[in-house]
Amino acid sequence: MDYTNAPGRNHLFVPGPVNIPEQVLRAMNRNNEDYRSPAIPAMTKNLLEDVKKIFKTTSGTPFLIPTTGTGAWESALTNTLSPGDRIISFLIGQFSLLWIDQQQRLNFDVDVVESEWGRGANLDILASKLAADRNHSIKAICIVHNETATGVTNNLSAVRKLLDDYNHPALFLVDGVSSICALDFRMDEWGVDVALTGSQKALSLPTGLGIVCASPKAIEASKTAKSVRVFFDWKDYLKFYKMGTYWPYTPSIQLLYGLRAALDLLFEEGLDNVIARHSRLGKATRLAVEAWGLKNCTQREEWVSNTVTAVVVPPYIDSAEVVRRAWKRYNLSLGLGLNKVAGKVFRIGHLGHLNELQLLGCLSGVEMILKDIGYPVKLGSGVAAAAAYLQNNIPMIPSRI
Ligand code: PLP
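Computed from a predicted model, the values in this text were never measured in an experiment.

Quick look at the site of the ligand
In step 1: Near the ligand there are 13 residues, and of these Thr-68, Thr-70, Thr-148, Asp-175 and Lys-201 occur at the shortest range.
In step 2: With respect to the ligand, the side chain of Thr-148 contributes an N or O atom lying 2.5 Å from an oxygen atom.
In step 3: Protein burial of the ligand: of its 390 Å² of free accessible surface, 86% is covered by the chains.
In step 4: It is helix H3 (residues 69-80) that provides the largest number of residues to the shell around the ligand, a total of three residues.
In step 5: Residue composition of the shell around the ligand, by class: four nonpolar, seven polar and two charged.

Re the layout of surface pockets
Empty pockets left among the atoms are what a rolling probe the size of a water molecule brings to light.
In step 1: In this structure, the largest pocket encloses a volume near 1200 Å³.
In step 2: Together, 42 residues line the largest pocket, and Arg-277, His-353, Leu-354, Asn-355 and Gln-358 are the ones closest to its centre.
In step 3: Listing elements by their share of the lining of the largest pocket, those giving two or more residues are strand E1 (11-13), helix H1 (22-28), helix H9 (253-269), helix H10 (271-291) and helix H12 (356-372).
In step 4: Examining the composition of the lining of the largest pocket, we find that six residues originate from one element, H10, more than from any other.
In step 5: The residue inventory of the lining of the largest pocket, partitioned by class, reads 21 nonpolar, 13 polar and eight charged.
In step 6: Of the domains in this structure, domain 1 (11-18 + 270-400) and domain 2 (22-267) are the two that each give at least three residues to the lining of the largest pocket.

Points about the UniProt feature "modified residue: N6-(pyridoxal phosphate)lysine" (unreviewed entry) in the protein chain
In step 1: In the numbering used here, UniProt assigns the "modified residue: N6-(pyridoxal phosphate)lysine" (unreviewed entry) feature to Lys-201.
In step 2: Mapping Lys-201 onto the fold places it in the loop between strand E9 (194-198) and strand E10 (209-214).
In step 3: For Lys-201, a relative accessible area of 9% translates into the label buried.
In step 4: Ignoring sequence-local partners within four residues, the contact set of Lys-201 consists of Pro-15, Gly-16, Val-18, Thr-148, Val-177 and Leu-351.
In step 5: At 2.8 Å, the side chain of Lys-201 and the backbone oxygen of Pro-15 are in polar contact.

Section: the packing of helix H11 (residues 319-330) against H12
In step 1: Relative to each other, H11 and H12 sit at 115°, their axes nearing to 10 Å. Classed by the angle they form, the pair H11 and H12 counts as roughly perpendicular. When you trace H11 past H12, the crossing you get is right-handed. Seen from H11, the contacting residues are Val-322, Arg-325, Ala-326, Arg-329 and Tyr-330; seen from H12, they are Met-368, Ile-369 and Asp-372.
In step 2: By residue class, the composition of the contact of H11 with H12 is five nonpolar, no polar and three charged.

Rules used in this analysis
- Every chain is numbered on its own, with residues counted from 1 as its sequence reads.
- At least 70 in pLDDT is required for a residue's local features to be given in this predicted model, at least 80 for side-chain atom pairs to be given and counted, and no such filter applies to totals for whole chains, interfaces and linings, which use all residues.
- Where side-chain values are given, they derive from all heavy atoms of the structure, hydrogens and water being excluded.
- Only a single heavy atom is needed: when it lies within 4 Å of a molecule or strand, its residue is near that molecule or strand.
- N or O atoms within 3.5 Å of each other form a polar contact, as long as, within protein, one can give a hydrogen and the other can take it, and as long as residues adjacent in sequence are counted only when both atoms are side-chain atoms.
- In this description, accessible areas are obtained by the Shrake-Rupley approach with a 1.4 Å probe, and a residue is regarded as covered only by the protein chains that are shown.
- Strands are runs of DSSP state E lasting at least two residues, helices are runs of H or I lasting at least four, and both sets are numbered from the N terminus onward.
- The classification used treats Ala, Val, Leu, Ile, Met, Phe, Trp, Tyr, Cys and Pro as nonpolar, Asp, Glu, Lys and Arg as charged, and all other residues, Gly among them, as polar.
- Using protein atoms alone on a 1 Å grid, points that fit a 1.4 Å probe yet trap it form a cavity, whereas open point sets bounded by protein on both sides within 12 Å along at least five of seven lines form a pocket; residues with an atom within 4 Å of a point count as lining.
- Grid points are joined across faces, edges and corners, and a volume is the space filled by probe spheres set on the points.
- Per the annotation, domain bounds derive from an automatic or database assignment of domains.
- UniProt positions are given in the numbering used here, feature names are shortened, and annotations may be inferred rather than shown by experiment.
- Relative accessible area decides the class of each residue, using a 1.4 Å probe on protein chains only: under 20% of the type maximum gives buried, over 50% gives exposed, and in between gives partly exposed.
- In this description, contact between two residues means that some pair of their heavy atoms is separated by no more than 4.5 Å.
- Axis lines are fitted through C-alpha atoms, for helices just across the contact stretch, and the angle between N-to-C directions can take any value from 0 to 180 degrees.
- These descriptions rest on fixed angle ranges, namely under 35 degrees for roughly parallel, over 145 for roughly antiparallel, 65 to 115 for roughly perpendicular, and the rest for oblique.
- Here a crossing is called left-handed whenever its near helix is offset anticlockwise from the far helix by less than a right angle, and right-handed whenever the offset is clockwise.

In structure tokens form, the structure reads like this:
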């Protein structure tokens, strides 16, 4: 059985990996090159300058690492911390859980602040821990900006404010894997010390690049951090940056050309427009969920995510069946519920290279699936709610005005 054969396009609505633009696919369709020729270092230099824009930083140092989000986590942690260091980490869903597991396996002393899945990071507890920590034993705060498993976006400026209010020097490490290039993210303004993302999310590239950006304070910390690291050692990168050759090991030439094309597309649309587009996609999806009479896993408006919506199904429905049917009958790929919310939620990813009409296709598919499996939904109800909102809010396409 060749599972890839199905008429028309696959509607890819998992919250990563996401659709890759044609321009990026074409840019990557090329031969290998000698990365020691003058061409690749020149290209890398520009990429490093441009990639800072997606983090909204001028003072940060970016690293393009052949890895995934998980490797980017490891790069952030091992370069800035030493075994035994006390860190505060928020557990709010599957990806924060996995990061915490990595932190524990790297032998940090992890102070886990847990919230019910569907809620954001508990910043009251953070405030009390910072207040009590007069001798500054907390070395870092680790937070997932957008928890992809539950569709919860944390308020990073509030975390920065608490650190400032308590005049606390802890490093501020942020997983922006399902936020950067889609949600408002301001590394310098929010005083983030390490921010990271993965290429297969809102950048709309293939998986394979972990993009990590370090503040001057994080670079300083890396000079004394004692965690063992080899492949991820920023020192090696910095040495090659200084030499002007940029690469401590062989880069993926194709991914570099893809990144160039992806950044060009984002800049052409304008980052603010990209963020506004995601906000429309998120809002339209939430309106559809409401019209279906279903609940969003996200418990409060302040945490809703504009890149992924986790839809809670009634107890008599297995959400995995929604995902199975979507793929088998409608050529639609939705996200499964993970771990604690397995069977209870399915996820609609609405990030990356995606527009409003594509989203309406997905929403109409979800309606048919819900009806298929016995949920009393009125066909067209969610699509109508989303379309009514979108019709009033979609601007002209920036490049076509
Ligand atoms: N962090 C978040 C928020 C994620 O959503 C994911 C993956 O979906 C990861 C980290 C892990 O990234 P990767 O699968 O690229 O290692």
